[in-house]
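As a plain string of letters, each chain reads:
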Amino acid sequence: MTDAQETAADSSLRTTGGAPPDDVETAPIPLLEPREGIPPVIADEDALAEAIAAFAAGTGPLAVDAERASGYRYGQRAYLVQLRREGAGTALIDPVACPDLSGLGEAVAGVEWVLHAATQDLPCLREIGMVPTRLFDTELAGRLAGFPRVGLGAMVENVLGFVLEKGHSAVDWSTRPLPEPWLRYAALDVELLVDLRDALEKELDRQGKLEWARQEFDAIAAAPPAEPRKDPWRRTSGMHKVRRRRQLGVVRELWQTRDRIAQRRDVSPGKVLSDAAIVEAALSLPADVQALAALNGFGHRMGRRQLEQWQAAVDRAKALPDSALPQPGQPVTGPPPPRAWADKDPEAAARLSAARAGVSAVAEGLNMPQENLITPDTVRRVCWEPPKSVDVESVGAALAGYGARPWQVEQVAPVLVEALSAKAP
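Quantities reported herein were computed from a predicted structural model and do not represent experimental measurements.

Focus: a negative patch on the surface
Thought 1: Taken together, D44, E45, D46, E50, D100 and E106 make up a surface patch of like negative charges.
Thought 2: The residue E106 is located in helix α3 (residues 102–107) in this model.

Encoded structure:
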């Protein structure tokens, strides 16, 4: 970053998002250009070995990004990995041609990785052998610093004064060969990521939040892989309309059939059969293929063979004994939904209302979203089952037990101590 850019960044950081006053004329914001042009895509072991050596010899933090093909392909695998480091430049790696990047991951394991919205990319990076030990998340840093818009484009524009090209974030990154405009877009995503990191670090330090951010980043880096979701079919859009157990059985059978087909064909499940069609079939319980074909989502351009496979899934669910049908709702491991608290436990409802108000006030004073100050689930759990003795130490221990970081405990525990003393009217 030049001195002029750094001055502009410092200035914009001290406003709520960097927007100038309405009566001030500003020069057009320049469109960001790749400093070294668009590098060739690394798609063989020799080129990968050269990149590993270059990035191992580089200096400073490592900018990392990954592109997936959500909505086009099955799963969330990476179809392009972008890296940039001082002394190594930018690299674009094809993880389809080079599926094992563990050698690269090991070469830069001790380096701080800079990602934007790290939790979105870390699972697909982990699959190809890239796991950071230290990281800096520029999106999360923006949230903690109080920026109202934390997308990468908005942050680069507001903080660094450059405009990123738009329009390729939702394309099919499994396409081969990747078009040059897409590669240009991908390279620019890491072009200024380290510059953005440096500017945000200064701003967090100025606000007294840098240590808080470091605790958050350490928690992300140390988090284990997410457990597979239990009964993922229950997340079918429109499930709230499905009430009876037989209908739930149809949703489950259709969802599982669709998932097997999507995985075999390596396409997004929604391209095989829509959630709306699954719910429609569950509610109607069609008797045969003709009845199924009359439902929304099945008749339009769907062949007889496809209709028969979906009807077979419906028939399997209809033939299940009652004991094999799914129960309505999911097993609740935590507190009940807050809307039920007033009836189940009015005192707990009063505690939750007071806690929400207190947390909201603290978050507003710190100029950050409430969910970054403390997760709503943690607040609910502490309010539903408060510690036997309510004081800062015991409440802090309860918060820590649910995964709250030390800085969150320090900010939230005193407010919750007061809230836990609230009485029902």
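From this point, things continue past the structure.
Remarks on the sheet that holds strand β2 (residues 59–68)
Thought 1: Across the sheet, 6 strands lie side by side as β1-β4-β3-β2-β5-β6; this open sheet has mixed pairing. A single partner strand is all that each edge strand has here, and the edge strands are β1 (41–42) and β6 (134–137).
Thought 2: Against the sheet, helix α5 (residues 138–145) touches β5 (112–115) and β6, its axis set at about 55° to β6.

Considerations on the confidence of the model for the chain
Thought 1: Counting all residues, the mean pLDDT for the chain is 92, and 92% of those residues have values of 70 or more.
Thought 2: Contacts of residues 1–26 to residues separated by more than four positions or lying in other chains number 28 contacts, the stretch itself having pLDDT below 50.

Points about the packing of helix α9 (residues 210–222) against helix α20 (residues 406–419)
Thought 1: The N-to-C vectors of α9 and α20 enclose an angle of 125°; their axes lie 8 Å apart at closest approach. In this view, α9 runs oblique relative to α20, as classed from their interaxial angle. For the pair α9 and α20, contact is made by W212, Q215 and E216 and by P406, W407, Q408 and Q411, respectively.
Thought 2: Tallied by class, residues from the contact of α9 with α20 come to 3 nonpolar, 3 polar and 1 charged.

What to know about the environment of A349
Thought 1: Relative to the helices and strands, A349 resides in helix α16 (residues 346–366).
Thought 2: Here the alpha-carbon distance between A349 and Q411, two residues 62 residues apart in the chain, equals 22 Å.
Thought 3: Excluding its chain neighbours within four sequence positions, the residues that come into contact with A349 are W341 and A342.

Let's talk about the pairing of strand β4 (residues 89–93)
Looking along a regular strand, one sees side chains alternate from face to face of the sheet.
Thought 1: When you tally the buried positions in β4, you get 5 out of 5 residues, the bulk of the element.
Thought 2: Pairing of β1 with β4, which is carried by 2 bridges, proceeds in the parallel orientation. Note on β4: the bridge partner recorded for I42 is I93.
Thought 3: The sheet contact formed by strand β3 (residues 78–86) and β4 spans 5 bridges and is antiparallel. Of the residues in β4, the one forming a bridge with R84 is T90.
Thought 4: The loop that links β3 with its antiparallel partner β4 comprises 2 residues; one of these, G87, has a positive phi angle of about 90°.

Considerations on the nonpolar core
Thought 1: V81, L83, L125, L373 and L399 are the most contacted members of the largest nonpolar core, which totals 85 residues.
Thought 2: Broken down by element, the residue count for this core peaks at 8 residues, all from α20.
Thought 3: For L399, the contacting residues outside a window of four places in its chain are I374, T378, V382, A404, V409, V412, A413 and L416.

A look at unusual backbone geometry
Thought 1: Geometrically, the link from R176 to P177 is a cis peptide bond, its omega value of -5° lying close to zero.
Thought 2: Take P177: it is sitting in the loop between α6 (152–160) and α7 (180–191).
Thought 3: The phi dihedral of N367 is positive, around 55°, even though this residue is not glycine.
Thought 4: Counting through the fold element by element, N367 comes out in the loop between α16 and α17 (370–373).
Thought 5: Classification of N367 as partly exposed rests on a relative accessible area of 40%.

Some thoughts on the UniProt feature "domain: HRDC" (unreviewed entry) in the chain
Thought 1: Here, the residues flagged by UniProt with the feature "domain: HRDC" (unreviewed entry) are residues 244–324.
Thought 2: For the annotated span residues 244–324, helix accounts for 69% and strand for 0% of the residues, and the straight-line distance between the end C-alpha atoms is 13 Å.

Notes on α5
Thought 1: Here α5 lies mainly inside the structure; 7 of its 8 residues are buried.
Thought 2: At the N-terminal end of α5, a side-chain oxygen is found 3.0 Å from the backbone nitrogen of E139, two or three residues along, and the residue is D137.
Thought 3: Of the residues trailing α5, G146 is marked for its positive phi of about 90°.

As for α16
Thought 1: Its 21 residues give α16 an end-to-end C-alpha distance of 30 Å, which sits within 8% of 30 Å, the value for a rise of 1.5 Å per residue.
Thought 2: At the C-terminal side of α16, N367 shows a positive phi close to 55°.

The rules behind each value
Residues numbered from 1 in each chain as written. Predicted model: local features only at pLDDT ≥ 70, side-chain atom pairs only at ≥ 80, totals over all residues. Heavy atoms only, no water. Patch = residues over 30% accessible without salt bridge, like charges linked within 9 Å, V, L, I, M, F, W, Y side chains within 5 Å. Areas by Shrake-Rupley, 256 points an atom, 1.4 Å probe, with all protein chains shown as cover. Salt bridge = Lys/Arg side-chain N within 4 Å of Asp/Glu carboxyl O. Lys, Arg positive; Asp, Glu negative; His and termini not counted. Charge placed at Lys NZ, Arg CZ, Asp CG, Glu CD. Helix = DSSP H or I, 4+ residues; strand = E, 2+ residues; numbered from the N terminus. Pairing = 2+ DSSP bridges. Contact = heavy atoms within 4.5 Å. Axes fitted to C-alpha atoms, helices over the stretch in contact; angles between N-to-C directions. pLDDT = per-residue confidence, 0-100. Parallel < 35°, antiparallel > 145°, perpendicular 65-115°, else oblique. Nonpolar A, V, L, I, M, F, W, Y, C, P; charged D, E, K, R; others polar. Buried < 20%, exposed > 50% of the residue type's maximum accessible area, 1.4 Å probe, protein only. Core = buried A, V, L, I, M, F, W, Y, C linked by side-chain atoms within 4.5 Å. UniProt positions renumbered as here; feature names shortened; annotations may be inferred. Polar contact = N/O pair within 3.5 Å; in protein donor to acceptor, adjacent residues only side chain to side chain. Expected span 1.5 Å × (residues − 1).

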